[in-house]
Amino acid sequence: MLVVAGGVGWGVYAKLEGNITPDEAAAAELARYEKERPTSLVRDAQNILLIGSDSRAGNGNRRYGRDSGTERSDTTILLHLSAGRRSATAVSIPRDLMVHVPSCRRRDGTRTQPMFAMFNYAFQKGGSACTIRTVERLTDIRVDHHVVVDFHGFKEMVDAVDGVEICLAKPIDDKAARLRLPAGKVTLDGEQALGYVRARKTLGDGSDTDRMERQQRFLAALVHKVQSNDVLLNPVRLYPVLDAATSSLTTDPALASLRGLYELARGVRDIPTERVQFLTVPRESYIYNANRDQLVEPEARRLFQRLRIDAPVEVVNSPETSQGPSRDSSHKSSRDRDAKPAGRQSNGPADPTPPAPTFRGNTAAENPCG
């Protein structure tokens, strides 16, 4: 009996392990440029680049359009896991952000020229390694791991947790996204969820920024669903999630195993949902093209620096907190407002710890249906 059970267990392990594709080409390219990459400053803190590919190749993806032989980064999120796993901060990087893309290796072995271009140009021309190098140059943050998931993998993941609940202020009828939903509380299956996070034309103001915020709210709801249902602690419920999650994953070699993914999941499963944060890098319209983005400075630099040194940031779901200004630069604290004129001494002791900067965003604890 034990032999049978062991055989079944090994068969399951081998199947899940075989689902994951190690990104050996990216690892080799990154090793080539190791000397120019940022160094990690905080032991145990990790930065993981999550890339949503719009590739039409592969199982179940051709229905979303013609396979042109290229793929772009439909969604890119830099996920920072603090040391001790006290918090997780997911920062969306707009695909239309104008950035400096280094010379990168194409799939055919030729190399691109360095270029100032839209961010998703990096993935289209040089794949995950080029995207990682572009992010590292932009942020000065070391990317420790990366994960690429396609449309099919995203859908399967949502279906594996029996759908994700959202709330809609008004009905949705978007033919391009193949999405038709009523207003109110709705549980999205995988196909509906994919349409919801990708739609642009009929949802919100049609901007990529609005779409990123919708993606963040959906991911927050997904995290809440997984944690509230104890999926990560129940082997029976965990298997279909792992099968779905690994079926369309390409990761760096260190993560391309069940052990690697399990260690990652174990580290984040106990983070309180109010400390799982989502925000978009501070951005504004590009000065030379309103349809492109540029960073808002010094707010973006402040955000990157705090993630680099593993210092806390705060998010608030408020229109008064813009994509750029943060609380420590645009909102005076009560201590600042009550400060004495120069030359006069305050009776109270000075607070050596300044408040964490605040950016517009949301947490996995927020319930839009509440």
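Residues numbered from 1 in each chain as written. Predicted model: local features only at pLDDT ≥ 70, side-chain atom pairs only at ≥ 80, totals over all residues. Heavy atoms only, no water.

J.: Help me get a handle on the pattern of salt bridges, residues and values and all.
T.: For the coordinates displayed, the defined rule picks out 13 salt bridges. With its nearest N and O atoms 3.1 Å apart, the salt bridge here joins Glu-36 to Arg-133. In this pair, Glu-36 is assigned in the loop between helix 2 (24-32) and strand 2 (46-53) and Arg-133 in helix 3 (residues 121-139), connecting sequence segments 97 residues apart. Overall, Glu-36 belongs to the partly exposed group, its relative accessible area being 41%. (Salt bridge = Lys/Arg side-chain N within 4 Å of Asp/Glu carboxyl O. Helix = DSSP H or I, 4+ residues; strand = E, 2+ residues; numbered from the N terminus. Buried < 20%, exposed > 50% of the residue type's maximum accessible area, 1.4 Å probe, protein only.)

J.: Describe helix 5 (residues 190-198), naming the residues involved and giving the relevant values.
T.: Looking only at helix 5, the buried set comprises Gly-190, Ala-193, Leu-194, Gly-195, Tyr-196 and Val-197. On its buried side, helix 5 packs onto helix 4 (151-160), strand 8 (164-168), strand 9 (172-174), strand 10 (179-181), strand 11 (184-188) and helix 6 (208-228). A side-chain oxygen of the first residue of helix 5 lies 3.2 Å from the backbone nitrogen of Glu-191; this N-cap is Asp-189. (Contact = heavy atoms within 4.5 Å. Polar contact = N/O pair within 3.5 Å; in protein donor to acceptor, adjacent residues only side chain to side chain.)

J.: Please set out unusual backbone geometry residue by residue, giving values where relevant.
T.: With an omega dihedral of 10°, the bond running from Glu-297 to Pro-298 counts as a cis peptide bond. By secondary structure assignment, the location of Pro-298 is in the loop between strand 15 (289-295) and helix 9 (299-308). Here Asp-140, not a glycine, exhibits a phi torsion of approximately 60°, which is positive. In this fold, Asp-140 is placed in the loop between helix 3 and strand 7 (145-149). For Asp-162, which is not glycine, the phi dihedral falls at a positive 65°. Turning to its location among the elements, Asp-162 is positioned in the loop between helix 4 and strand 8. Among the residues examined, Asp-162 registers a relative accessible area of 58% and is labelled exposed.

J.: Lay out the state of the cysteines in plain terms, naming residues and giving numbers.
T.: Scanning all chains against the criterion turns up one disulfide. Covalently, Cys-104 is tied to Cys-130 through a disulfide, its sulfur atoms 2.1 Å apart. Measuring the twist about the S-S bond at about 75°, one finds the Cys-104-Cys-130 disulfide to be right-handed. A residue pair is termed long-range when its members are at least 10 positions apart, and Cys-104 in the loop between strand 5 (98-101) and strand 6 (115-118) and Cys-130 in helix 3 qualify at 26 residues. The pair formed by Cys-104 and Cys-130 is uniform in burial state, with each residue classed as buried. (Disulfide = S-S within 2.5 Å.)

J.: Describe the confidence of the model for the chain, with residues and values.
T.: Of all residues in the chain, 77% attain a pLDDT of 70 or more, and the chain-wide mean is 80. When pLDDT is averaged over each helix and strand of the chain, the minimum, 30, is found for helix 11 (residues 334-337) and the maximum, 97, for strand 5. This model gives residues 60-70 a pLDDT under 50, and the stretch forms 21 contacts once residues within four places in sequence are excluded. A low-confidence stretch, residues 320-351 stays under pLDDT 50, and its non-local contacts, those more than four residues away or across chains, total 39 contacts. (pLDDT = per-residue confidence, 0-100.)

J.: Help me get a handle on the pairing of strand 2, residues and values and all.
T.: Of all eight residues in strand 2, six are buried, a share of seventy percent or more. Bridge count for strand 2 against strand 7 is five bridges, and the pairing is parallel. Considered in strand 7, the bridge of Leu-49 is made with His-146. (Pairing = 2+ DSSP bridges.)

J.: Explain the packing of helix 2 against helix 3 to me, and be specific about the residues and the numbers.
T.: Packed helices, taken two at a time, are described by their axes: the angle between them and the distance between them. Direction vectors running N to C along helix 2 and helix 3 enclose 40°, while the axes themselves pass 7 Å from each other. As far as their axial angle goes, helix 3 and helix 2 are oblique. Pair helix 2 / helix 3 crosses with right-handed handedness. Within the contact between the two elements, helix 2 uses Ala-26, Glu-29 and Leu-30 and helix 3 uses Ser-128, Ala-129, Ile-132 and Arg-133. Grouping the amino acids of the contact of helix 2 with helix 3 by side-chain chemistry returns four nonpolar, one polar and two charged. (Axes fitted to C-alpha atoms, helices over the stretch in contact; angles between N-to-C directions. Parallel < 35°, antiparallel > 145°, perpendicular 65-115°, else oblique. Left-handed = near helix turned anticlockwise from the far one by under 90°. Nonpolar A, V, L, I, M, F, W, Y, C, P; charged D, E, K, R; others polar.)

J.: So what's going on with the side chain of Arg-283? Residues and values would help.
T.: Take Arg-283: it is sitting in strand 14 (residues 283-286). We classify Arg-283 as buried; its relative accessible area is 17%. Looking at Arg-283, its side chain comes within polar contact range of the side chain of Asp-293, at 2.5 Å.

J.: Requested: an account of the nonpolar core, with residues and values cited.
T.: If you look at the biggest cluster of nonpolar residues, it comprises 34 residues, and the most contacted ones within it are Leu-49, Leu-97, Leu-295, Leu-303 and Phe-304. Among the secondary structure elements, those contributing two or more residues to this core are helix 2, strand 2, strand 5, helix 3 and helix 9. Filtering out sequence-adjacent residues up to four positions away, Phe-304 remains in contact with Leu-138, Thr-139, Ile-141, Val-281 and Leu-295. If you look at the next biggest cluster of nonpolar residues, it comprises 25 residues, including Val-164, Ile-172, Leu-179 and Val-241. (Core = buried A, V, L, I, M, F, W, Y, C linked by side-chain atoms within 4.5 Å.)

J.: Outline the packing of helix 4 against helix 5, supporting the account with residue identities and numerical values.
T.: It is the contact of helix 4 with helix 5, at a shortest axis distance of 8 Å, that shows an interaxial angle of 125°. Taken together, the axes of helix 4 and helix 5 lie oblique to each other. Every pair of crossing elements has a handedness; the one defined by helix 4 and helix 5 is right-handed. Residue-level contacts link Phe-151, Phe-154, Lys-155, Val-158 and Asp-159 of helix 4 to Gly-190, Glu-191, Ala-193, Leu-194, Val-197 and Arg-198 of helix 5. Here the residues of the contact of helix 4 with helix 5 are counted per class, giving six nonpolar, one polar and four charged.

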